[in-house]
Amino acid sequence: NKTAAAPTGTPAVPGASGSVPWYQVDATSVVMRDRNHPSVAMWSTGNEIRDPIATRTPLLTRLVAIAHALDPGRPVTQALFRPSASGDVTGATRTIVDVFGGNYRPDEVITAAKTAPARPGLFTEMGTDTSAWTTVRNNPMITGLFLWTGAAYLGEADGLWPRAEADFGLMDGVGTVRSIGYSWQRTWGAPTTSPPATGTTANRVLLSPDHTTVSTDVDD
């Protein structure tokens, strides 16, 4: 739904006078696409953006305004990079976003959330140590946390070649729950399923198919 770029090189939006930057086009597209999904809790305006706060502030202000205009019912956050050192705890960021978010800096998020005017906080990225959940529970202004990661992914193997995925993740790349996954299950109070028993004398793996033919359907 985007037209060709305007003469200035800035993309134009159909139905609008003049043209707007791509970040506004993309933000509008994302919110309009997903605002009816019940799984969306809040909008994030970025992850670990390392530009100076003076550069980020006007862009953040505009992105928050777009999200509020298109979806007034959901708050807006940002996954900040070292918020204290970057000036976000005491700067404009804290009052622009609805929920103050920070990666791997729980103490800084708590400080920002408690500073008047108080607002909710969110640990927008944390490791898989279950002690982080205790911190959430002990600080009512913290709405929750995002674990890095729920499932392992290709990349960031950090010298584990020939392995292609890192050790972190509650489950591995094919969905096998790791021990840390069961630890989180107990932490959340969900019924715990024991890991499958493993033997030390096995010399082969036996496989049996769930069906004996494969159709031409790409989903089979």
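This is a predicted model, so every value here is computed, not measured.

Explain the confidence of the model for the protein to me, using residue names and the numbers behind them.
For the protein, per-residue confidence averages 87 on the pLDDT scale, and residues scoring 70 or more make up 86% of the total. pLDDT under 50 marks residues 1–12. Its contacts with residues more than four places away, or in other chains, come to 23 contacts.

Describe the nonpolar core, with residues and values.
Ranked by size, the top nonpolar core spans 15 residues in total, and within it Phe100, Phe123, Ile142 and Leu145 carry the most contacts. Every element with two or more residues in this core is listed here: α4 (106–114), β4 (121–126), α5 (131–137) and β5 (142–147). If we ignore the near neighbours within four places in the chain, the residues touching Phe100 are Thr77, Leu80, Pro83, Asp88, Val89, Arg94, Glu108, Val109, Ala112, Pro120, Gly121 and Leu122.

Tell me what's going on with the packing of aromatic side chains, and back it up with residues and numbers.
Following the criterion strictly, the structure yields four aromatic pairs and no others. When the ring of Tyr153 is compared with that of Phe168, the centres are 6.0 Å apart and the planes differ by 50°; the resulting orientation is tilted. Residue Tyr153 is found in the loop between β5 and α6 (179–188), and its partner Phe168 is found in the loop between β5 and α6; the two are separated by 15 residues along the sequence. These aromatic residues form a ring-pair network of at least three members: Phe146, Trp148, Tyr153 and Phe168. In this arrangement the basic side chain of Arg50 is found over the ring face of Phe81, its NZ or CZ atom lying 3.8 Å from the centre.

How would you explain the pattern of salt bridges if you had to name every residue and give the values?
Taken as a whole and judged by the stated rule, the model has six salt bridges. The partner of Glu165 in a salt bridge is Arg178, with the nearest N and O atoms 3.1 Å apart. Of this pair, Glu165 sits in the loop between β5 and α6 while Arg178 is found in the loop between β5 and α6, placing the two residues 13 residues apart along the sequence. The class of Arg178 is buried, set by a relative accessible area of 18%.

Tell me what's going on with α6, and back it up with residues and numbers.
All of the buried residues in α6 are Gly181, Tyr182 and Trp184. Buried residues of α6, seen end-on, are gathered within an arc of 160° and therefore sit on one face of the element. Among the structural elements, α5 and β5 are those in contact with the buried residues of α6.

Rules used in this analysis
- Residues numbered from 1 in each chain as written.
- Predicted model: local features only at pLDDT ≥ 70, side-chain atom pairs only at ≥ 80, totals over all residues.
- Heavy atoms only, no water.
- pLDDT = per-residue confidence, 0-100.
- Contact = heavy atoms within 4.5 Å.
- Core = buried A, V, L, I, M, F, W, Y, C linked by side-chain atoms within 4.5 Å.
- Buried < 20%, exposed > 50% of the residue type's maximum accessible area, 1.4 Å probe, protein only.
- Helix = DSSP H or I, 4+ residues; strand = E, 2+ residues; numbered from the N terminus.
- Phe/Tyr/Trp six-rings, centres within 6.5 Å; stacked < 30°, edge-to-face > 60°.
- Lys NZ or Arg CZ within 6 Å of the ring centre and 35° of its normal.
- Salt bridge = Lys/Arg side-chain N within 4 Å of Asp/Glu carboxyl O.
- Arc of directions from axis to C-beta.

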